[in-house]
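Here are the chains, one letter per residue:
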Amino acid sequence: MNVCDSALYSTLSGGTALTSLLATATSIYHIRAPNVAGYPYVVFSLQAGGPENINPSDLGNYVYFVRAYSAASAQSAGAIHAQIRALLHKKTLTVTGYTNFWTVLESELESADELSSLTPVFMSGGLYRIQIDT
Amino acid sequence: MPSDLNWNLDTSELDRIIRDADTNTDKIVRKLAFDGERYAKEEAAVETSAMRNSVYVVTSKEDHYQQAAQDAKSKNPGVQTEPHPTPGEGEARFGPCVDYAIHQEFGTSKMAAHPFVTPAVEKIRKEFEDGTTYREMVEK
């Protein structure tokens, strides 16, 4: 995990309004959920970005994809996404060793996929730009 | 001392920039799109090569969909493809046209994402913002 991964996990898992909507208070996963994870849950992963390398400090510019999956309904996934947004959009994350000076939701996405049992799983989430500097 | 002060404003350079603006915008947008296609192809996960082959550019003046769809189907005959929406004047679009590409880009509830278009967009954003693209296309 890089420093932003840890900051995101801490922020999301500390949001009780968010975790109260999930299967368990720890249903927040990095990159992908375990096969046995119950719905709903949240997954976050680095979508793009990295060091900017434009000045002597350690400026980083990352795009994270943070999304909710729900087997109940699109509305359920959307409600979780709204809580994620409330925790991240235009907020300041605590990033060890860095200052987070920009965190914003840039794009919102919705989709659905199907489990082998043909049960639909709804996704609602967004791409967040996170910029940090030393 | 002079009795009055005069400024002579030479607008010839400004006139040239304005005159060339539409042409330069088109050139820059086209270059960004083709750079995006190249970066996305470099980052694309490869199993049959169909998804990588399906990445193409469409502008208001040219459309490479037929070739990209044909190239994708040559690697995976069963794959479904769909063209990008037609861009407006001065716009361009790039990306894959196979149906499963969105699941690779953003993952699913049971599969990790393997992004290749978003990283390409980030690379061309950086080149656009730091002036690299403008210098290559306009100031060369």
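That block above? That's the structure.
This report concerns the structure included in the present document. Computed from a predicted model, the values in this text were never measured in an experiment. (Residues numbered from 1 in each chain as written. Chains lettered and ligands numbered in written order. Predicted model: local features only at pLDDT ≥ 70, side-chain atom pairs only at ≥ 80, totals over all residues. Heavy atoms only, no water.)

Turning our attention to the packing of aromatic side chains. Residues and elements named next belong to chain A. Using the criterion set out here, one finds 6 aromatic pairs over all chains in the structure. Each ring, one from Tyr 29 and one from Tyr 41, has its centre 5.7 Å from the other, and the planes form 85 degrees; the classification is edge-to-face. One end of the pair, Tyr 29, is in strand β1 (residues 28–30); the other, Tyr 41, is in strand β2 (residues 41–51), and 12 residues separate them in sequence. Pair check on accessibility: Tyr 29 and Tyr 41 agree, each one buried. (Phe/Tyr/Trp six-rings, centres within 6.5 Å; stacked < 30°, edge-to-face > 60°. Helix = DSSP H or I, 4+ residues; strand = E, 2+ residues; numbered from the N terminus. Buried < 20%, exposed > 50% of the residue type's maximum accessible area, 1.4 Å probe, protein only.)

A word on the sheet that holds strand β5 (residues 120–133) of chain A. Residue and element names in this part refer to chain A. Strand order in the open sheet formed by 5 strands is β1-β2-β3-β5-β4, and the pairing between neighbours is mixed. Only two strands of the sheet have a single neighbouring strand rather than two, namely β1 and β4 (99–114). Neighbour-to-neighbour, the strand axes of this sheet turn through a mean angle of 20 degrees, independent of strand direction. Alignment of β4 against β5, held across 14 bridges, turns out to be antiparallel. The partner of Asp 113 across the bridge, within β5, is Val 121. (Pairing = 2+ DSSP bridges. Axes fitted to C-alpha atoms, helices over the stretch in contact; angles between N-to-C directions.)

We now examine the environment of Arg 93 of chain B. All names here are of chain B. Turning to its location among the elements, Arg 93 is positioned in strand β2 (residues 92–95). Considered as a pair, Arg 93 and Asp 26 are 67 residues apart in the sequence and their alpha carbons are 13 Å apart. Filtering out sequence-adjacent residues up to four positions away, Arg 93 remains in contact with Tyr 56, Val 57, Val 58, His 84, Pro 85 and Pro 87. A polar contact of 3.3 Å, which involves the side chain of Arg 93, links it to the backbone oxygen of Pro 85. (Contact = heavy atoms within 4.5 Å. Polar contact = N/O pair within 3.5 Å; in protein donor to acceptor, adjacent residues only side chain to side chain.)

On to the packing of helix α1 (residues 3–13) of chain A against helix α3 (residues 74–88) of chain A, then. All names here are of chain A. Where α1 contacts α3, the axes come no closer than 10 Å and their chain directions differ by 115 degrees. Along this stretch, α1 crosses α3, giving a crossing that reads as right-handed. Contacts between α1 and α3 involve Leu 8, Thr 11 and Leu 12 from the first element and Ile 84, Leu 87 and Leu 88 from the second. The residue inventory of the contact of α1 with α3, partitioned by class, reads 5 nonpolar, 1 polar and no charged. (Left-handed = near helix turned anticlockwise from the far one by under 90°. Nonpolar A, V, L, I, M, F, W, Y, C, P; charged D, E, K, R; others polar.)

In this section: the interface of chain B and chain A. Each partner contributes residues to the interface: chain B has 14 residues there, and chain A has 24 residues. When the buried area of chain B at its contact with chain A is split by residue, Phe 106, Ser 109 and Lys 110 of chain B rank highest and sum to 44% of it. Taken together, chain B and chain A are joined by 2 salt bridges. For Arg 125 of chain B, the salt bridge is made with Glu 52 of chain A, and the minimal N-O distance between the two is 3.6 Å. Viewed at the interface, chain A and chain B are joined by 11 residue pairs in polar contact (both at pLDDT 80 or more). Sorting the residues of the side of chain B that touches chain A by element identifies α4 (101–106) and α5 (117–129) of chain B as the ones contributing at least two each. Of the residues belonging to the side of chain B that touches chain A, the class tally is 5 nonpolar, 4 polar and 5 charged. (Buried area = accessible area lost by both parts, 1.4 Å probe. Salt bridge = Lys/Arg side-chain N within 4 Å of Asp/Glu carboxyl O.)

One finds Leu 12, Leu 18, Val 42, Tyr 64, Val 66, Ile 84 and Leu 88 of chain A to be the most contacted residues of the largest nonpolar core, which totals 22 residues. Every element with two or more residues in this core is listed here: α1, β2, β3 (60–70), α3 and β5 of chain A. Residues within four places of Leu 88 of chain A in sequence aside, it is in contact with Leu 8, Thr 11, Leu 12, Val 66, Leu 93, Thr 103 and Tyr 128 of chain A. Judged by nonpolar contacts, the second largest core, of 20 residues, contains Ala 33, Tyr 39, Val 117 and Ala 120 of chain B. (Core = buried A, V, L, I, M, F, W, Y, C linked by side-chain atoms within 4.5 Å.)

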